[in-house]
Amino acid sequence: MTGTYKGLPVTGPTASGEGRRVAIIASGFNPEIGERLIEGAVSCLRDNLVKDDDISIVWVPGAFELPLVAKTIAESGRVDAVVCLGAVIRGGTPHFEYVAGQAAHGIAQASMQTGIPITFGVLTTDDLEQATARAGGEEGNKGYEAALAALEMANLLEELK
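First things first, this report covers the structure right here in the doc.

Reading the values: rules and limits
Residues numbered from 1 in each chain as written. Predicted model: local features only at pLDDT ≥ 70, side-chain atom pairs only at ≥ 80, totals over all residues. Heavy atoms only, no water. Helix = DSSP H or I, 4+ residues; strand = E, 2+ residues; numbered from the N terminus. Rg over C-alpha atoms; globule rule 2.2 N^0.38 Å. Buried < 20%, exposed > 50% of the residue type's maximum accessible area, 1.4 Å probe, protein only. Contact = heavy atoms within 4.5 Å. Pairing = 2+ DSSP bridges. Axes fitted to C-alpha atoms, helices over the stretch in contact; angles between N-to-C directions. Patch = residues over 30% accessible without salt bridge, like charges linked within 9 Å, V, L, I, M, F, W, Y side chains within 5 Å. Areas by Shrake-Rupley, 256 points an atom, 1.4 Å probe, with all protein chains shown as cover. Salt bridge = Lys/Arg side-chain N within 4 Å of Asp/Glu carboxyl O. Lys, Arg positive; Asp, Glu negative; His and termini not counted. Charge placed at Lys NZ, Arg CZ, Asp CG, Glu CD.

Considerations on the overall build of the chain
And then number 1: Across its full length, the chain holds five helices and eight strands.
And then number 2: Counting helices and strands in the order they occur from the N terminus, the chain gives β-β-β-α-β-α-β-α-β-α-β-β-α.
And then number 3: A compact globule built from 161 residues would reach a C-alpha radius of gyration of about 15 Å, and the chain, at 16 Å, matches this within 12%.
And then number 4: Projected onto its principal axes, the C-alpha coordinates of the chain cover approximately 55 × 35 × 35 Å.
And then number 5: Residue burial in the chain is summarised as follows: out of 161 residues, 43% are buried.
And then number 6: Here the analysis covers contacts within the chain between residues at least 6 apart in sequence; of these, 77% occur between residues at least 24 apart.

Quick look at the structure:
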């Protein structure tokens, strides 16, 4: 999305993944949701011309572990973007807030520190039904959306440089 707005130059994201290398990192906790989110992310990347050889998938134990692995992969120089996926489902203890909050904070921090787009496709829901709805159900697939945002950010950052 480029052009002008009322005479002002506009730069915005495009989703072309041609020539892009993308890592998908998925939380192994709630793996049935993780697999559905991965399916959505891979579908998006393929829809936007990322070659299968340029897509890597890494599983981590849980959402809390996503930021460290995302930062490590981003620093490797082998990818243009990282997509973090998973589901943190509220339970009867404050564990949900700690895990979800730290995962979100750590992923944002890793992206800022590395300069590589690292998107947050971690569902934070009250129950499994909500997670299922957002992982390919009636609410769409947030894995697809996170992958799309990763491509758009990689392209936008390249254009801004």
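Details of the sheet that holds strand 5 (residues 81-89)
And then number 1: With parallel pairing, four strands are arranged side by side in an open sheet as 4-3-5-6. Looking at which strands have only one partner, the edges of the open sheet turn out to be strand 4 (55-60) and strand 6 (118-125). Adjacent strand axes in the sheet meet at a mean angle of 15°, parallel and antiparallel pairs treated alike.
And then number 2: Helix-sheet contacts for helix 5 (residues 142-160) involve strand 3 (22-27), strand 5 and strand 6, and the interaxial angle to strand 5 is about 150°.

Quick notes on the side chain of S111
And then number 1: In this fold, S111 is placed in helix 3 (residues 95-114).
And then number 2: Given a relative accessible area of 18%, S111 falls into the buried group.
And then number 3: Contacts of S111, omitting those with residues within four sequence positions, involve I116, P117 and I118.

Focus: a negative patch on the surface
And then number 1: On the surface, D127, E129, E138 and E139 cluster together into a negatively charged patch.
And then number 2: Residue placement: E138 occurs in the loop between strand 7 (135-137) and strand 8 (140-141).
And then number 3: E138 sits in the exposed class, given a relative accessible area of 70%.

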